[in-house]
Amino acid sequence: WALVGQMPFSQFGYERSWIAAFEQSTGVALTDWRLYFVALYWGITTLTSIGYGDIAPENEVEVLLCTFLMFVGALSWAYVVAHVIDAIGSIGSDNAQYLGKMAKLNMMLRQSQMGPETQRKVKAFYANVYEFQRISTSSAMLQELSPQLQGEVAYGFTRDCIDTVWFLKHGRHRFLTSIARQLEPTVYASNEAVFHERTLTIVRKGMLFHHGRLLTKHSTFGD
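Computed from a predicted model, the values in this text were never measured in an experiment.

Conventions we followed
Residues numbered from 1 in each chain as written. Predicted model: local features only at pLDDT ≥ 70, side-chain atom pairs only at ≥ 80, totals over all residues. Heavy atoms only, no water. Buried < 20%, exposed > 50% of the residue type's maximum accessible area, 1.4 Å probe, protein only. Helix = DSSP H or I, 4+ residues; strand = E, 2+ residues; numbered from the N terminus. Arc of directions from axis to C-beta. Contact = heavy atoms within 4.5 Å. Axes fitted to C-alpha atoms, helices over the stretch in contact; angles between N-to-C directions. Parallel < 35°, antiparallel > 145°, perpendicular 65-115°, else oblique. Nonpolar A, V, L, I, M, F, W, Y, C, P; charged D, E, K, R; others polar. Salt bridge = Lys/Arg side-chain N within 4 Å of Asp/Glu carboxyl O.

Moving on to helix α7 (residues 173-182). Burial in α7 covers these residues: Leu-176, Thr-177 and Ala-180. All buried residues of α7 fall inside an arc of 100° around its axis, so they share one side. For α7, the exposed residues set more than 90 degrees away from the buried face come down to Arg-174 and Gln-182. Buried positions along α7 lie against α6 (147-162).

Attention now moves to the packing of helix α2 (residues 18-26) against helix α3 (residues 32-47). α3 packs onto α2 with a crossing angle of 105° between their chain directions and a minimal axis gap of 12 Å. Considered as vectors, α2 and α3 are oriented roughly perpendicular to each other. Residues Trp-18, Ile-19 and Phe-22 of α2 touch α3, and the partners they reach there are Leu-35, Val-38 and Ala-39. Residue composition of the contact of α2 with α3, grouped by class: six nonpolar, no polar and no charged.

Quick look at the packing of α6 against α7 now. Each pair of packed helices gets described by two things: the angle between the helix axes and the distance between those axes. Between α6 and α7, the shortest axis-to-axis distance is 7 Å and the interhelical angle comes to 85°. When the interaxial angle is binned, α6 and α7 end up roughly perpendicular. Touching Pro-147, Gln-150, Gly-151, Glu-152, Ala-154, Tyr-155, Thr-158 and Ile-162 of α6 are His-173, Leu-176, Thr-177, Ile-179, Ala-180 and Arg-181, all from α7. Partitioned by chemical class, the residues of the contact of α6 with α7 number seven nonpolar, five polar and two charged.

Let us look at the pattern of salt bridges. All chains considered together, the criterion is met by three salt bridges. Arg-16 is the partner of Glu-58 in a salt bridge, and the nearest nitrogen-oxygen pair spans 3.5 Å. Taken together, the residues Glu-58 in the loop between α3 and α4 (60-111) and Arg-16 in the loop between α1 (2-5) and α2 connect sequence positions 42 residues apart. Given a relative accessible area of 34%, Glu-58 falls into the partly exposed group.

Shown next as structure tokens:
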């Protein structure tokens, strides 16, 4: 915009440029640094579609440039706003779904005859299910990948658990990815009995008693 204003418009039959009009209306001479900041100000107000109108084109060349930049600015802002809204929506979608379920759950509990302790257990269970559902959503998306990629991604999600199993810790990568594909997350309520005989079970969260042993995070049984 600054370069356009410095073009020799008199040679093309135009009386003045936006620079001459600005200097005449404000009485301020645009030196190099002032010209830069004024042109930057005009560019930002034009591209953001604010357009205060204090700096306007004075000839056909400047009008054409303004028209082009307004068109580019409109497309740019539409693109940016659409992606920002999409990003915000994707970030909050899981949380909004969880809050919606919790609101329905609270309404159901108020209408029921459950005791306070049972209601507390139900709410705690749903709080844990929230994390489980995020894993399940990832598992559903894995089905769209090829078998090898499914194993790679599944292993990335479960590596911290698999590496705690003594006979898997030093296994080959291809074998571990196949194991990762077979793991199934399960959520249990507090004080609920867990029956996984002859099945490898890895505790990812919480604690449980198994044959007199207290098992905590990353503990295993059934191996």
